[in-house]
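If you want the building blocks of each chain, they are given just below.
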Amino acid sequence: MTNRPNPDSPASLGASLVTAARSPGKPYETVNLPVWRASSVLFSNVADMRAEVAATVAGERRAANYATAGTPTTFALSDAVAQLEAGPHAARAALMPSGLSAIAVTLQAFLSPGDHLLMSDSVYGPARVFAEGMLARFGIETTFYDPCLGAGVESLLRPSTRMVYLESPGSYTFEIQDTPAICELARRRGVLTAIDNAWASPVLARPFDWGVDISVLPLTKYWSGHADVLMGAAVVREPLWPRLHQAVRQQGLCVSGDDAWLILRGMRTLEVRMRAHERHALALARWLAGRPEVARVLHPALESHPQHGLWKRDFLGASGLFAFELRDATPAQVDALCDHRSHFKLGFSWGGFESLIMPANIGALRTARPWTGGPLIRLHAGLESPDELIADLEAGFAAMAAARD
Ligand SMILES: *Cc1c(COP(=O)(O)O)cnc(C)c1O
């Protein structure tokens, strides 16, 4: 027997440790949902347990026999994502631990050995790597197509083509695709369409109105908006849900309540942030277009952009991400430009409130439409004032000039 200061307190906490503070107390309503953290989901009796298992396997809305299938916090987010991204179209969303995992699971869910995939040449680099590596290993062949082909992709369809995968505007080079035309011909030929809607978010583009079947979203980027959480979503038209649901469920993919809560919190200001990113990026793009060091600015809202007309027809605005091509600059000068900065930070994951700059090295990532221009710099215009950002770039160009030899 150990020596306890109060012999009346029990040696073991026993059931009190298990039952303490389990009752939620006075119900009250707050603006935001609480965070649900869970592994086990509890049932009042065996019949309820069986019913919930059946509903979860069937992918019914908000069914969860285990928290890998969701909690009230993650259900709130997946419902919101489906509603905002697909609008009036009947759709469901699955949450994934990152944008890349949402892309990978989508491709894996709808493609089988022997299938052929058409993928845009300017997709997010890691999506290309997944297609060339993992999908190829499982017997799925990918053809990369020129994102400027439009309805011309029809000539690349084979009897085995199962999906056309788009991203518009394209990563780094910002080509706008004729998505409605591609969706129309794909539907006619019984081929699925999937699009990466990272750049625009549903504030600026409604891919389901264009006719796509699947939209993948890195929630990490604009939805979160604060550079502090990683998450992705795949949104599919209702008839495609069972297939996606099984792919997610069978691999045990899930997200935490804390992370879902952060996206819900960031999402509330998505529209005002997007409009600020748009204004700031346009101010920078117009200023850059007048600089002698710049050969060309790759921003779809500029009239000089080759697919400006398509952008104007299909999009509701432009986001904060674009690129510019330098006229002639040595590698040391490119480094000087990107290293000499105070507001811009050097990094990959755009979509937060901060401004980012980086040299784009896309050489190995293009086959159908190789990059033949000069050095390419990608910018994300954050929420600092455009004047501050322009002063920062001005200093960068001065450092670039000084690094000439
Ligand atoms: C960042 C990004 C992704 C991947 O999102 P993560 O959450 O970082 O994995 C996918 N597509 C595009 C276009 C992106 O820019």
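Keep in mind the model is a prediction, meaning the values are calculated, not measured.

Reading the values: the criteria
- The residue numbering used here restarts from 1 in each chain and proceeds along that chain's sequence as written.
- Owing to the predicted nature of the model, reporting of local features is limited to residues with pLDDT of at least 70; listing and counting of side-chain atom pairs is limited to 80 or more, with chain, interface and lining totals taken over all residues.
- Hydrogens and water are ignored here; the side-chain numbers use all heavy atoms of the structure.
- The secondary structure listing takes helices from DSSP runs of H or I that are at least 4 residues long and strands from runs of E that are at least 2 residues long, numbered from the N terminus.
- Pairs of residues are marked as contacts when any of their non-hydrogen atoms sit within 4.5 Å.
- Any carboxyl oxygen of Asp or Glu that lies within 4 Å of a side-chain nitrogen of Lys or Arg is treated as forming a salt bridge with it.
- Note on terminology: near, applied to a residue and a molecule or strand, indicates that one of the residue's heavy atoms is within 4 Å of it.
- N or O atoms closer than or at 3.5 Å make up a polar contact, with two conditions inside protein: a donor-capable atom paired with an acceptor-capable one, and, for residues adjacent in sequence, both atoms drawn from side chains.
- Only the protein chains shown count as cover for residues, with accessible areas throughout obtained via the Shrake-Rupley method and a probe of 1.4 Å.
- Pairing of aromatic rings covers Phe, Tyr and Trp, the last counted by its six-membered ring, and requires centre-to-centre distances within 6.5 Å; plane angles under 30 degrees mean stacked, over 60 mean edge-to-face, and any other angle means tilted.
- Burial here depends on accessible area, computed with a 1.4 Å probe over protein chains only, as a share of the maximum for the residue type. Under 20% is buried, over 50% is exposed, and the range in between is partly exposed.
- In this document the domain limits rely on a domain assignment from an automatic tool or a database.
- As a working definition, buried area equals the accessible area (1.4 Å probe) given up by two parts on being put together, with both sides summed.
- Each residue is assigned to one class: nonpolar for Ala, Val, Leu, Ile, Met, Phe, Trp, Tyr, Cys and Pro, charged for Asp, Glu, Lys and Arg, and polar for all the others, Gly among them.

Looking now at the environment of Val-294. Within the fold, Val-294 resides in strand β8 (residues 294–298). Sequence separation of Val-294 and Asn-197 is 97 residues, and the distance between their C-alpha atoms is 28 Å. When residues no more than four places from it in sequence are discounted, the contact partners of Val-294 are Leu-288, Phe-324, Glu-325, Arg-327 and Phe-397.

Tallying each qualifying case throughout the model produces 20 salt bridges. Between Arg-188 and Glu-184 there is a salt bridge, with its nearest N and O atoms 3.5 Å apart. Here the residue Arg-188 and the residue Glu-184 both occupy positions in helix α6 (residues 179–188), the gap between them amounting to four residues, near one helical turn. Overlapping salt bridges, with partners in common, bring together Arg-61, Arg-62, Asp-79, Arg-92 and Glu-238 in one network.

Taken together, 13 residues lie near the ligand, and Gly-99, Leu-100, Asp-196, Thr-220 and Lys-221 sit nearest. Contact between the ligand and Gly-99: an oxygen atom at 2.7 Å from a main-chain N or O atom of the residue. Asp-196 is positioned with one of its side-chain polar atoms (N or O) 2.6 Å from a nitrogen atom of the ligand. Here the ligand, which alone exposes 380 Å², has 90% of that area covered by the protein. Of the residues forming the shell around the ligand, the biggest block, three residues, is contributed by helix α4 (residues 99–110).

Turning our attention to the packing of aromatic side chains. Throughout the structure, instances matching the rule amount to five aromatic pairs. Aromatic side chains Trp-199 and Phe-315 sit 5.8 Å apart centroid to centroid with 80° between the ring planes, which places their arrangement in the edge-to-face category. With a gap of 116 residues between them, Trp-199 in the loop between β5 (192–196) and α7 (201–204) and Phe-315 in the loop between α12 (308–314) and β9 (321–326) connect regions that are remote in the sequence. Neither Trp-199 nor Phe-315 differs from the other in exposure class; each is buried. By way of ring pairs, the aromatic residues Trp-199, Trp-210 and Phe-315 are connected into one cluster.

The domains assigned to the chain are domain 1 (46–267) and domain 2 (270–402). Interface area, domain 1 with domain 2, both sides summed: about 3600 Å², of which 64% is carbon and sulfur. On the domain 1 side of the contact with domain 2, Tyr-172, Leu-204 and Tyr-222 bury the most area, a combined 25% of that side's loss. Summed over the shared surface of domain 1 and domain 2, the result is two salt bridges. Joining domain 1 to domain 2, the criterion identifies 23 residue pairs in polar contact (both at pLDDT 80 or more). Element by element, the count of residues in the side of domain 1 that touches domain 2 is highest for α7, at three residues. Looking at the side of domain 1 that touches domain 2 residue by residue, the class counts come to 20 nonpolar, twelve polar and seven charged.

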